[in-house]
Amino acid sequence: MLTDAQIIERIKTLKKVKNAVILAHNYSLGEIQDIADFCGDSLELSIKAAETTADMIIFCGVRFMAETAKILSPDKKVVLPVSTAGCDMADMVDLEKVRRMKQENPGLYVVAYVNTTAETKTECDICVTSGNALNVVKNLPQDREILFLPDRNLGSFCAAQLGRVMKLYEGYCPVHNRFTVSMIEKRKKEYPNAEVLIHPEAPADVVALADHALSTGKILSHVKNSDKKEFIIATELGILHRLEKENPDKRFILISPEAVCPHMKLARLQDLLRAMEEETEEIVLSREICEKAVVPIRRMLEFKS
Ligand code: 13P
Ligand code: SF4
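Residues numbered from 1 in each chain as written. Chains lettered and ligands numbered in written order. Predicted model: local features only at pLDDT ≥ 70, side-chain atom pairs only at ≥ 80, totals over all residues. Heavy atoms only, no water.

A. Highlighting the site of ligand 1. His25, Tyr27, Asp41, Ser42, Asn115, Ser130, His176, His199, Glu201, Ser215 and Thr216 make up every residue found near ligand 1. Between ligand 1 and the protein, one listed contact pairs an oxygen atom with a side-chain N or O atom of histidine 25 at 2.6 Å. Within the side chain of glutamate 201, one N or O atom sits 2.8 Å away from an oxygen atom of ligand 1. The residue inventory of the shell around ligand 1, partitioned by class, reads 1 nonpolar, 8 polar and 2 charged. (Near = heavy atom within 4 Å. Polar contact = N/O pair within 3.5 Å; in protein donor to acceptor, adjacent residues only side chain to side chain. Nonpolar A, V, L, I, M, F, W, Y, C, P; charged D, E, K, R; others polar.)

This is how it looks when you write it as structure tokens:
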């Protein structure tokens, strides 16, 4: 059995030998975040994936994120260390459902949260992430009816903020959708001076009680630039790793100890080493899917967040 230190050494060597880059989402395990070349939110990770000069991208996150990396860098090998790391929300919609909605509502402009499969993206007009959704939706054509999918919570957040009526698909993130008004109220009572930062995948009535609704990357930059000392964090627990590491003088209170995305916790150090040795599971997408799915992603990346 290798020790963690030996595993880390091997990963570092393999990274050089194979000219690989390790990208990790802010919810992945701390041990993974610590060895990654870059940690970030979905938008930051897509930008990195598009820019990297490495031959191989090892993506420690969930499948739709690794697929986005493959779509943006189709000639690179993209590896997802644990093949079952999916996203429950992304799996709530599929290509056929989007096609049917478009047939039933001709003229729809389809906005896809990036938490969708590559195949679903091929039928969508533009992607958004939680980091840029407001800015992207604000700039969409006014004469088209928008269908926002799959996250009804992020969709209703955008609709409310922008005062724009949109059709919302009934998908949600099981982790964030579980947050309630009473959870926030309880934490606020316990920590009256804390600022409340929430991810917009939470239900609208809960988001309404927060000081700011932000992507994971923006929660990190907001805290870094804030003079405040206490924060109630209403998103997945993995974000605490960077928050605490980068802000040792600040205090973070998680909304609930149950705010855990099981998919994000699957890849451990030994899985990362095996993935680098065996180069599996490689993300394989047809040229046709890549060529179609890149259109909404590139349209999104043209916007500044
Ligand atoms: P971010 O893009 O804000 O990191 O969110 C991704 C995600 O899956 C949240 O559940
Ligand atoms: Fe998907 Fe929710 Fe997990 Fe994010 S936290 S990857 S939206 S299941």
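B. Summary view of the sheet that holds strand S9 (residues 195–198). In space, the 4 strands of this open sheet follow the order S10-S9-S11-S12, with parallel pairing throughout. Every interior strand has two partners, whereas the edge strands, strand S10 (212–213) and strand S12 (251–254), have only one. Pairing of strand S11 (residues 230–234) with S12 involves 4 bridges; the strand directions are parallel. Its bridge partner being in S12, isoleucine 233 is matched across the sheet by leucine 254. (Pairing = 2+ DSSP bridges. Helix = DSSP H or I, 4+ residues; strand = E, 2+ residues; numbered from the N terminus.)

C. Looking closely at the packing of aromatic side chains. In total, this model carries 1 aromatic pair according to the counting rule given. Between phenylalanine 231 and phenylalanine 252 the ring centres are 5.7 Å apart and the planes differ by 20°, which places this aromatic pair in the stacked class. Residue phenylalanine 231 is found in strand S11, and its partner phenylalanine 252 is found in strand S12; the two are separated by 21 residues along the sequence. Just as phenylalanine 231 is buried, phenylalanine 252 falls in that class too. Between the NZ or CZ atom of lysine 48 and the centre of the ring of phenylalanine 38, over which it lies, the distance is 4.7 Å. (Phe/Tyr/Trp six-rings, centres within 6.5 Å; stacked < 30°, edge-to-face > 60°. Buried < 20%, exposed > 50% of the residue type's maximum accessible area, 1.4 Å probe, protein only. Lys NZ or Arg CZ within 6 Å of the ring centre and 35° of its normal.)

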